[in-house]
Each structure stands twice: as structure tokens, then as C-alpha cells.
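Architecture and fold: a report
Now for the letters of each chain:
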Amino acid sequence: MSSSIDELVSGVRFGKFASVGAVGAVFDLTVSTILTVFFGVLAEYAKLVGAEVAIVVMFLINDNWTFAEHGTAGRFNALRRFVKSNLVRSGGVAVQFFIVRGLRLLDFSLVVAGFDLWTVLPFPIAIGASMFFNYVAESLFTWRVGEH
């Protein structure tokens, strides 16, 4: 059991995961912001679209880099991990959705240079809040760290 815990708390793996998360955050924030600012989509719904785009990008990078030594080779196995990753991350997306929703309901305003930053500031807050949940869940259920 301690081997599983040691693998889970690997600073190198977490660093990779966080780096991939930063890439995902760029995709997520870009899509969410464009949908909200330019197309008038409600922030919490824009967040769902941005999160799914990020999930796809992050899965591809994590599968080939962060967790490259875990998981069985082959397209079918990769597809199965992709489906698991989407299911696992749905918990993280739910966390993000409710954080964005809750912060939007605060009816707060943070105007800088004529733009209300509060329309997009909940996005990175929500991403940060779900990062640890996603790391543990992805490690244990998608790539089954500690079982190999």
C-alpha cells in the first residue's frame, strides 16, 4: 500500500499533471471567455464547454506524458481511458460549475479599464479548486497508479 501512496504523491508526476493542467486552463479560459464575452453565453454554461475542450487536450497530453508508463497500449485501451477520464473529471467539472454559479450569484463587480473582470474571474478560481480532486481521481481510476 505504501508504494501506491508513494506513487500518488510523486512530486514529479504532480508537477507534470499541474503543467498539463496549465495548458488545459489556457484552453478552458480561452473558450469560456470567448463564449461569455463575444457570444453572450451564460458563464456557467460557457464553463462547461471550456472544461470539455480542456479535458480532451489534457487527456491526450497526460496519456502520452504524465502517465505514459501506466495503462495498457492500444487504441481500444486508450479510448477506454479517455471515457474514464471524462467520467472522472465530471466531478471536477461539477465543482467548477457550482463555484462559477455561486460566485456569479454574488452580484459582485470588479471593473478595470471599463471591463468587468468579475465576468471571467470565477473561471480560474474554479479550475484551481478542482485540480487536486482531478489529480487523485485520475491517478487512481483512469491510470490506476500504484497497481503496476
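Residues numbered from 1 in each chain as written. Predicted model: local features only at pLDDT ≥ 70, side-chain atom pairs only at ≥ 80, totals over all residues. Heavy atoms only, no water.

Some thoughts on the pattern of salt bridges
Condition: Each reported salt bridge corresponds to a side-chain nitrogen of Lys or Arg within 4 Å of a carboxyl oxygen of Asp or Glu. By the criteria applied, helices consist of DSSP H or I runs no shorter than four residues and strands consist of E runs no shorter than two, each listed in order from the N terminus. Here the term buried applies to any residue with accessible area under 20% of the maximum for its type, exposed to any over 50%, and partly exposed to those in between, with areas from a 1.4 Å probe on protein chains only.
Counting across every chain of the model gives six salt bridges. Residue Asp28 is joined to Lys47 by a salt bridge in which the shortest nitrogen-to-oxygen separation is 2.4 Å. You can see Asp28 sitting in helix H2 (residues 11–39) and its partner Lys47 sitting in helix H3 (residues 43–66), a full 19 residues away along the chain. Here the two residues Asp28 and Lys47 agree in accessibility, since each one is buried.

Details of the UniProt feature "transmembrane region" (unreviewed entry) in the protein
Our working rule: UniProt positions are given in the numbering used here, feature names are shortened, and annotations may be inferred rather than shown by experiment.
On the UniProt side, "transmembrane region" (unreviewed entry) is annotated at positions that read residues 20–42, 48–67 and 118–137 here. Between the first and last C-alpha atoms of residues 20–42 the distance is 27 Å; the span itself is 87% helix and 0% strand. Spanning residues 118–137, this segment combines 80% helix with 0% strand, and its end C-alpha atoms are found 30 Å apart.

Some details on a nonpolar patch on the surface
Rules: Within this analysis, patches are made of residues with over 30% relative accessible area and no salt bridge. Like charges are joined at 9 Å or less; nonpolar side chains (Val, Leu, Ile, Met, Phe, Trp, Tyr) at 5 Å or less. With residues, only the protein chains shown are counted as cover, and all accessible areas are computed by Shrake-Rupley using a 1.4 Å probe.
Residues Ile34, Val37, Phe38, Phe39, Leu106, Phe108, Leu110, Val112, Phe115, Leu117, Leu121 and Ile125 make up a contiguous nonpolar surface patch of about 1100 Å² in total accessible area. The leading source of residues in the nonpolar patch is H2, at four residues. When you line up the elements, Ile125 lands in helix H5 (residues 122–142). Exposure remark for Ile125: the relative accessible area of 40% places this residue in the partly exposed category.

Considering the packing of aromatic side chains
Filter applied, for reference: Between rings of Phe, Tyr and Trp, where Trp is taken as its six-membered ring, a pair exists when centres lie within 6.5 Å; planes separated by under 30 degrees are stacked, by over 60 edge-to-face, and by other angles tilted.
Under the defined criterion, the tally for this structure stands at 10 aromatic pairs. Aromatic side chains Phe59 and Phe82 sit 5.3 Å apart centroid to centroid with 70° between the ring planes, which places their arrangement in the edge-to-face category. Here Phe82 lies in helix H4 (residues 75–105) and Phe59 lies in helix H3, a separation of 23 residues in the sequence. Exposure remark for Phe82: the relative accessible area of 25% places this residue in the partly exposed category. Ring geometry for Phe67 against Trp143: centres 4.4 Å apart, planes inclined by 5°, an arrangement best described as stacked.

Details of the packing of H2 against H3
Keep this limit in mind: Here an axis means a line fitted to C-alpha atoms, over the contact stretch when the element is a helix, while the angle between two N-to-C directions is reported on a 0 to 180 degree scale. For classification, angles of less than 35 degrees are called roughly parallel, those exceeding 145 degrees roughly antiparallel, those between 65 and 115 degrees roughly perpendicular, and all remaining angles oblique. With the far helix as reference, a near helix turned anticlockwise by less than a right angle produces a left-handed crossing, and one turned clockwise produces a right-handed crossing. When residue character is reported, Ala, Val, Leu, Ile, Met, Phe, Trp, Tyr, Cys and Pro are called nonpolar, Asp, Glu, Lys and Arg charged, and the others, Gly included, polar.
Where H2 contacts H3, the axes come no closer than 7 Å and their chain directions differ by 150°. Looking at the two axes, H2 sits roughly antiparallel to H3. For the crossing formed where H2 meets H3, the hand is right-handed. Of the residues assigned to the contact of H2 with H3, the class counts are 16 nonpolar, eight polar and four charged.

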